[in-house]
Amino acid sequence: MTENVIQWMGLYPEEMREELGKLGEKPFRAGQVFSWLHKGARFSEMTNLSLSLREKLSQSGVDQPVEIRQARVSHLDGTKKFLFSLMDGNCVEGVLMRYRYGATLCVSTQVGCRMGCRFCASTLDGCVRNLTAAEMLGQVQCANRELKEERVHNIVLMGSGEPFDNYDKVVRFLRLVSHPDGLNIGIRHISVSTCGLVPQIRRFAGEGLGVTLSLSLHAPNDEIRKQIMPIANRYTISETLDACRYYLEKTGRRIVIEYALIDRVNADEQCAEELAKLLRGMQCHVNLIPLNTVKERALFGVTEDQVRRFLDVLEKRHISATRRREMGDDIEGACGQLRKKIMREENP
Ligand code: SAH
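Every chain is numbered on its own, with residues counted from 1 as its sequence reads. With pLDDT at 70 or above as the cut-off, local features in this predicted model cover only qualifying residues; side-chain atom pairs require 80 or more to be listed or tallied, and sums for whole chains, interfaces and linings still use all residues. The side-chain figures draw on all heavy atoms in the structure; neither hydrogens nor water molecules are used.

Looking at this model, I keep getting lost on the overall build of the protein chain. Mind explaining?
Helical segments are the DSSP runs of H or I of at least four residues, strand segments are the runs of E of at least two, and each set is numbered from the N terminus. What the protein chain contains, in helices and strands, is 10 helices and 14 strands. The quantity called the radius of gyration is restricted to C-alpha atoms. Its globule counterpart is 2.2 Å times the number of residues to the power 0.38. Radius of gyration (C-alpha) of the protein chain: 21 Å, near the 20 Å computed for a compact globule of 348 residues. Expressed as a percentage of contacts within the protein chain between residues at least 6 apart in sequence, the contacts between residues at least 24 apart total 65%. Residue exposure ignores everything except the shown protein chains as possible cover, and the areas themselves are Shrake-Rupley values with a 1.4 Å probe. A total of about 15000 Å² of accessible surface is found on the protein chain, and carbon and sulfur atoms cover 46% of it. Taken as two groups, the 49 positive and 45 negative side-chain charges of the protein chain have centres that lie 2 Å from each other. Contact definition: two residues touch when any of their heavy atoms are within 4.5 Å. Charged residues are defined here as Lys and Arg on the positive side and Asp and Glu on the negative side; His and the ends of the chain fall outside this count. Every charge is mapped to an atom, namely NZ of Lys, CZ of Arg, CG of Asp or CD of Glu.

In this structure, what is going on with helix α3 (residues 51–60)? I would like to understand it.
What sets the pattern is the α-helix's 3.6 residues per turn: residues three or four places apart point alike. Within the span of α3, buried status applies to Leu53, Arg54, Leu57 and Ser60. Angularly, the buried residues of α3 cover 135° about the axis, an arc narrow enough to put them on a single face. Pointing more than 90 degrees away from the buried face of α3 are the exposed residues Leu51 and Gln59. The elements touched by buried residues of α3 are β1 (6–7), α1 (13–22), α2 (29–38) and β2 (61–62). Only protein chains enter the calculation, and the probe is 1.4 Å; a residue is then buried if its accessible area is under 20% of its type maximum, exposed if over 50%, and partly exposed in between. The directions from the helix axis to the C-beta atoms form the arc being described.

For this particular structure, what's the right way to read the packing of aromatic side chains?
The geometry of an aromatic ring pair is captured by the separation of the ring centres together with the interplanar angle, meaning the angle of the planes. Pairing of aromatic side chains requires ring centres within 6.5 Å, counting the rings of Phe and Tyr and the six-membered ring of Trp. Pairs whose planes differ by under 30 degrees are stacked, by over 60 edge-to-face, and all others tilted. Following the criterion strictly, the structure yields seven aromatic pairs and no others. An angle of 35° between the planes, with centres 5.1 Å apart, marks the rings of tyrosine 99 and tyrosine 101 as tilted. Seen from their ring centres, tyrosine 167 and phenylalanine 204 are 6.3 Å apart, and the 85° between their planes marks the pair as edge-to-face. You can see tyrosine 167 sitting in helix α5 (residues 167–177) and its partner phenylalanine 204 sitting in helix α6 (residues 198–205), a full 37 residues away along the chain. Take tyrosine 167 and phenylalanine 204: they sit in the same class, and that class is buried. An aromatic cluster is defined as three or more aromatic residues linked by ring pairs; in this entry it consists of Phe164, Tyr167, Phe204 and Tyr247. Positioned over the ring face of tryptophan 36 is lysine 39, at 5.9 Å from the centre of the ring. Geometrically, a charge over a ring is one whose NZ (Lys) or CZ (Arg) sits within 6 Å of the ring centre while staying within 35 degrees of the ring normal. Seen from the ring of tyrosine 246, arginine 202 lies directly overhead, with NZ or CZ sitting 5.1 Å from the centre.

Quick question: what am I supposed to make of the nonpolar core here?
Soluble globular proteins: nonpolar side chains tend toward being buried together. In these notes, a set of buried Ala, Val, Leu, Ile, Met, Phe, Trp, Tyr and Cys residues joined through side-chain atoms within 4.5 Å is what counts as a nonpolar core. One finds Ile155, Phe173, Phe204 and Val286 to be the most contacted residues of the largest nonpolar core, which totals 107 residues. Domain start and end points were adopted from an automatic or database domain assignment. Here this core spans two domains, since at least three of its residues come from each of domain 1 (6–62) and domain 2 (66–346). In contact with isoleucine 155, other than residues within four places in its own chain, are Leu105, Val107, Val140, Phe173, Val177, Ile185, His189, Ile190 and Ser191. Membership of the second largest hydrophobic core comes to six residues, among which are Met97, Cys106, Val156 and Met158.

I keep staring at the sheet that holds strand β10 (residues 190–194) and nothing clicks. Help me out?
Note: strands within a sheet are paired through backbone hydrogen bonds, in either parallel or antiparallel orientation. The strand order across the open sheet formed by 10 strands is β3-β4-β5-β6-β9-β10-β11-β12-β13-β14, and the pairing between neighbours is mixed. Strands at the two margins of the open sheet, each flanked by one partner only, are β3 (66–73) and β14 (321–323). Here the strands of the sheet are splayed against their neighbours by 25° on average, with no regard to which way each runs. Pairing of strand β5 (residues 91–99) with strand β6 (residues 102–106), which is carried by five bridges, proceeds in the antiparallel orientation. By the bridge assignment, arginine 98 is partnered in β6 with alanine 103. The angle between two axes is taken between their N-to-C directions and runs from 0 to 180 degrees, where each axis is a line fitted to C-alpha atoms and a helix contributes only its stretch in contact. In the packing of helix α8 (residues 237–251) onto the sheet, the strands contacted are β11 (212–216) and β12 (255–261), and the crossing angle to β11 comes to about 170°. Any two strands with at least two DSSP-identified bridges between them are counted as paired.

I'm lost on the packing of helix α9 (residues 269–279) against helix α10 (residues 304–316) in this one. Help?
Angle between the axes and distance between the axes are the two parameters that describe a pair of packed helices. The interhelical angle for the contact between α9 and α10, taken along N-to-C directions, is 30°, at an axis separation of 9 Å. On the basis of the axis angle, α9 is roughly parallel to α10. As α9 runs across α10, the sense of the crossing is right-handed. In contact with Glu269, Cys271, Ala272, Glu273, Leu275 and Ala276 of α9, α10 contributes Arg309, Phe310, Val313, Leu314 and Lys316. The residue inventory of the contact of α9 with α10, partitioned by class, reads seven nonpolar, no polar and four charged. Under this scheme an angle from 65 to 115 degrees is roughly perpendicular, one under 35 degrees roughly parallel, and one over 145 degrees roughly antiparallel; angles in between are oblique. Handedness of a crossing follows from how the near helix is turned relative to the far one, being left-handed for an anticlockwise turn of less than a right angle and right-handed for a clockwise one. Side-chain classes follow a simple rule in which Ala, Val, Leu, Ile, Met, Phe, Trp, Tyr, Cys and Pro form the nonpolar group, Asp, Glu, Lys and Arg form the charged group, and the remainder, Gly included, forms the polar group.

Would you mind showing me how to read the state of the cysteines here?
Here a disulfide denotes one covalent bond, and it connects the sulfur atoms of two cysteines. A pair of sulfur atoms, both from cysteines and within 2.5 Å, is called a disulfide here. Overall, the coordinates contain zero disulfides when judged by the stated rule. Not part of a disulfide, cysteine 91 finds its nearest cysteine sulfur in cysteine 142, a span of 12 Å. Of the residues examined, cysteine 91 reaches a relative accessible area of 23% and is grouped as partly exposed. Unpaired in this structure, cysteine 244 has its nearest cysteine sulfur neighbour in cysteine 284, at a distance of 9.2 Å. For cysteine 244, a relative accessible area of 0% corresponds to the buried category.

What is the right way to look at the confidence of the model for the protein chain in this model?
Low-pLDDT portions of the prediction should not be read for the details of their coordinates. Residue-level confidence of the predictor is what pLDDT reports, using numbers from 0 through 100. Here the protein chain averages 91 in pLDDT, and 92% of its residues register 70 or above. Counting contacts from residues 333–348, a segment whose pLDDT is below 50, to residues more than four positions away or on other chains yields 78 contacts.

For this particular structure, what's the right way to read the side chain of glutamine 141?
Residue placement: glutamine 141 occurs in helix α4 (residues 133–147). The definition of a polar contact used here is a pair of N or O atoms within 3.5 Å, where within protein one atom must be able to donate a hydrogen and the other to accept one, and adjacent residues in sequence count solely through side-chain atom pairs. There is a polar contact of 3.4 Å between the side chain of glutamine 141 and the backbone nitrogen of glycine 40. In contact with glutamine 141, other than residues within four places in its own chain, are Met9, Leu37, His38, Lys39, Gly40, Gln64 and Leu183.

Which parts of the structure should I look at to understand the packing of α5 against α6?
For the pair α5 and α6, the least separation of the axes is 12 Å and the interaxial angle reads 30°. The orientation of α5 relative to α6 falls into the category roughly parallel. Between α5 and α6 the crossing geometry is right-handed. Contact with α5, carried on its side by Tyr167, Asp168, Val171 and Leu174, involves Gln200, Arg203 and Phe204 of α6 and no other residues of that element. By residue class, the composition of the contact of α5 with α6 is four nonpolar, one polar and two charged.

In structure tokens form, the structure reads like this:
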């Protein structure tokens, strides 16, 4: 994809006005183009625009930058896993889950990832490139098209990529996806998950967005965390949780702590006790996820019994925690990152 091709869906209304001006069009057209694109329309479908404008638009750039290459449906619960194709031939995954409280889409923010977490399949080949805001929006558009009557109601940025390693585009996406003239998805229905880039967590607190912040903690101390997450060599758990407390203070939003239970690494009762101590007094909710085994790295998940025991310790110590329900168990295959686990952050 060349740099000078405009991805129209990724523009703010004022930027759209400016670009349309360059094409010799009246600024008020921006409202129409914006609302069409965010309804998922192609230029050719924008029937209240002149043919010549539609032509100019398609010559200058793209309308819907993402397509579904493949969709697999779970016969167990209707969860859909997508392989989305981008215009440069790259692919990312997405998962659509149907809950009582509405459809939830797991969105990718990068092709691959460079954080290097040992248990994560998305990072195995490093990061290929950042996704643009339009490409994140495009994933939502694709899912909406599949849903027909219903619409994506909740978004979790938990697909491939580290959202805060692509900070500006992610923030742009969040503003656009929640825009009242666009998809208008409530900011309270959006979660951003990070492995813990401390400066970005603090910066994000000041964006005035108030989305739910999920921290992929996965360890009760720095020693264990360093074994599985390279980011732990850059920031200590203490610094990271301080940044999360700051986020909480600024936004009033409770933090979600993600903890993937890995056999013989972080899953015994002593780890649970240590985790409880670490989180004492912090307004947070712990999501326990039995690890999706990543054979390449010889890391394995845990039994139901181990999850139960870990959870019991947290409950005894009055730490709010749940085990993530599994969905789409029959369609996950070798997927390490886009998980089959239900996202219970919003209604634990
Ligand atoms: N980079 C971000 C968001 C993408 S990963 C982050 O680190 O939070 C979304 C979640 O899936 C993270 O909590 C991540 O740690 C978790 N995850 C990755 N691989 C997993 C696996 N094999 N089993 C269970 N959870 C996994």
